[in-house]
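The primary structure of each chain is shown beneath.
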Amino acid sequence: MIVCHCQSIADHDIRAAVDWMRASDPDTIITPGKIYHALGKSADCGGCMPLFLATMRGCDNLGVPTNLRGLRRLAGKDHTNEGRPQGHRVSQRRSAL
């Protein structure tokens with residue numbers, strides 16, 4: 001079945017790219033951009049994206065590698081300041097003066 005008419009990408013092309021990427025690097029996180037790149041193509045209008053993603057999710061080899069699962073949980077629960085100290089913004093420093 002054709003998934004992307006603009007770039008002539010079929011569902012079997014997506015599955016083959018996912019299988020190839022997983023075989024070449026078992027620890028990689030597979031994204032739509034990486035699949036387009038592996039196929040030597042790029043996204044055009046984006047109308048195919050829902051079907052493209054559904055086809056990706058249907059692949060058996062798409063899952064997140066075991067050693068990368070749960071990293072957010074291990075890093076801690078507070079991701080609001082990305083590890084920066086309080087008052088890292090110029091506006092916050094001026095109000096403190």
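Within each chain, residues carry numbers counting from 1 in the order of the written sequence. Only residues with pLDDT of at least 70 get local features here, since the model is predicted, and only at 80 or more are side-chain atom pairs given and counted; chain-wide, interface and lining totals rely on the full set of residues. Just so you know, side-chain values use all the structure's heavy atoms and leave hydrogens and water out.

Concerning the packing of aromatic side chains
Moving on, step 1. Ring geometry is summarised as follows: Phe, Tyr and Trp rings, the Trp one being its six-membered ring, pair when their centres sit within 6.5 Å, and such pairs are stacked at plane angles under 30 degrees, edge-to-face over 60 and tilted between the two. For the structure on display, the rule yields 1 aromatic pair.
Moving on, step 2. Measuring from centroid to centroid gives 4.7 Å for Y36 and F52, while their planes differ by 5 degrees, and the two rings are stacked. Note that Y36 is positioned in helix α2 (residues 32–38) and F52 in helix α3 (residues 49–57), a separation of 16 residues in sequence. Across the pair, exposure class does not vary: Y36 and F52 are buried alike. Each helix is a run of DSSP H or I of at least 4 residues and each strand a run of E of at least 2, with the numbering of both proceeding from the N terminus. Throughout this description, buried means an accessible area under 20% of the type-specific maximum (1.4 Å probe, protein chains only), exposed means over 50%, and partly exposed covers the range between.

Observations regarding the environment of G58
Moving on, step 1. With respect to the element layout, G58 can be found in the loop between α3 and α4 (71–75).
Moving on, step 2. Taking the C-alpha atoms as reference points, G58 and R15, separated by 43 residues in sequence, lie 8.6 Å from one another.

Digging into the confidence of the model for the protein
Moving on, step 1. Chain-level pLDDT for the protein is 82 on average; 73% of the residues reach the 70-or-more range.
Moving on, step 2. Confidence scores per residue from the predictor, reported as pLDDT, run from 0 to 100. The lowest-confidence element of the protein is helix α5 (residues 90–96), averaging 59 in pLDDT; the highest-confidence one is strand β2 (residues 9–10), averaging 95.

Thoughts on unusual backbone geometry
Moving on, step 1. The phi dihedral of S8 is positive, around 55 degrees, even though this residue is not glycine.
Moving on, step 2. Checked against the element boundaries, S8 lands in the loop between β1 (2–4) and β2.

So, the nonpolar core
Moving on, step 1. Counting residues in hydrophobic clusters, the biggest one holds 15 residues, and the most contacted among them are I14, I35 and F52.
Moving on, step 2. Counting only elements with at least two residues in this core, the list comes to β1, α1 (11–24), α2 and α3.
Moving on, step 3. In terms of residues, this core owes the most to one element, α1, which gives 4 residues.
Moving on, step 4. Any two residues having at least one pair of non-hydrogen atoms within 4.5 Å are treated as being in contact. In this structure F52 touches V3, I9, I14, P32, I35 and Y36, once residues within four positions along its chain are discounted. Residues enter a nonpolar core if they are buried and are Ala, Val, Leu, Ile, Met, Phe, Trp, Tyr or Cys, with the set joined through side-chain atoms within 4.5 Å.

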